[in-house]
Amino acid sequence: MSGLMILVAGPYRSGTNDDPVLMRKNLDYLESVTLQLFRAGHLPVIGEWVALPLLKLAGSKVPGDAPYEEILYPVAGRLLHKCDAILRLKGESKGADEDIRIGRERGLQIYYDLADVPGCG
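Residues numbered from 1 in each chain as written. Predicted model: local features only at pLDDT ≥ 70, side-chain atom pairs only at ≥ 80, totals over all residues. Heavy atoms only, no water.

By the naming in an unreviewed UniProt entry, the chain is Phosphoglycerate kinase, taken from Dyadobacter jiangsuensis.

Next up, the structure:
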C-alpha cells in the first residue's frame, strides 16, 4: 500500500479563549497521532505546521487579527487539495468541521479514529 497524505484535523483555537498555553496544548493533541501515522507509512500534516511560520512572517500578533484570518484557514483549504485523507480528532472545532466538509466534497477518505487508518489498527 502506498502511504496517504493525511490532514490531522481537530481543535486548535476552539475552546481556548485565545490562551496561547491552551492553544499549544491543542497543537500537542493534534501532533500526538502523527508519529504513529508516519510509522504506518503515511505523511501526516497539520495546517498549523504550515500556517504558524507564515503568521509570524506576516506580523500576526493575536489570533483573529487580519494576518491570522488571511492565512490560518486558507492553509488547511490548500492542503486539502493535496491530501488523500483526513483524520478528524475529537473536540469541537469549526475549522476542523469545515475541513471535513471540504474533504467530503473532494471525495477524500475521512477517518474518525486512528485505529481505522490503514496500518494503524
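> Can you break down unusual backbone geometry residue by residue, with the values?
A positive phi is found at Asn17, a non-glycine position, where the angle reads about 55 degrees. With respect to the helices and strands, Asn17 occurs in the loop between strand S1 (5-9) and helix H1 (20-31). Residue Asn17 is classed as exposed on the basis of its relative accessible area of 77%. With a phi angle near 60 degrees, Asp18 is a residue other than glycine that sits in the positive phi range. Relative to the elements of secondary structure, Asp18 occurs in the loop between S1 and H1. (Helix = DSSP H or I, 4+ residues; strand = E, 2+ residues; numbered from the N terminus. Buried < 20%, exposed > 50% of the residue type's maximum accessible area, 1.4 Å probe, protein only.)

> Tell me about the nonpolar core, and name the residues and values.
One finds Leu37, Ile86 and Leu87 to be the most contacted residues of the largest nonpolar core, which totals 36 residues. Mapped by element, the contributors of at least two residues to this core are S1, H1, helix H3 (47-58), helix H4 (66-80), strand S3 (85-88), helix H5 (94-106) and strand S4 (109-111). At six residues, the largest contribution of residues to this core is made by H4. Setting aside its immediate chain neighbours within four residues, Ile86 contacts Ile6, Leu7, Ala9, Leu80, Asp99, Ile100, Gly103, Leu108, Gln109, Ile110 and Tyr111. (Core = buried A, V, L, I, M, F, W, Y, C linked by side-chain atoms within 4.5 Å. Contact = heavy atoms within 4.5 Å.)

> Talk me through the environment of Ala9; I want residue IDs and the actual numbers.
Here Ala9 lies in strand S1. Overall, Ala9 belongs to the buried group, its relative accessible area being 3%. When the C-alpha atoms of Ala9 and Ser32 are compared, they prove to be 12 Å apart, with 23 residues separating the residues in sequence. Those residues in contact with Ala9 that lie beyond four places of it in its chain are Leu30, Ile86, Leu87, Arg88, Leu89, Ala96 and Asp99.

> Hey, could you go over the pairing of S3 for me, with residue numbers and the actual values?
Side chains Ala85 and Leu87 of S3 all project onto a buried face; the interleaved residues Ile86 and Arg88 project onto the opposite face, where all are buried too. Strand direction decides the pairing type here: S1 and S3, joined by four bridges, are parallel. Across the sheet, the residue bridging to Val8 is Leu87, located in S3. Relative to S4, S3 runs parallel, the two being bridged by three bridges. From the neighbouring strand, Ala85 faces S4, where its bridge partner is Gln109. Chirality of the crossover, the property in question, places the unit of S3, H5 and S4 among those that are right-handed. (Pairing = 2+ DSSP bridges. Right-handed = clockwise from strand over helix to strand, strands pointing away.)

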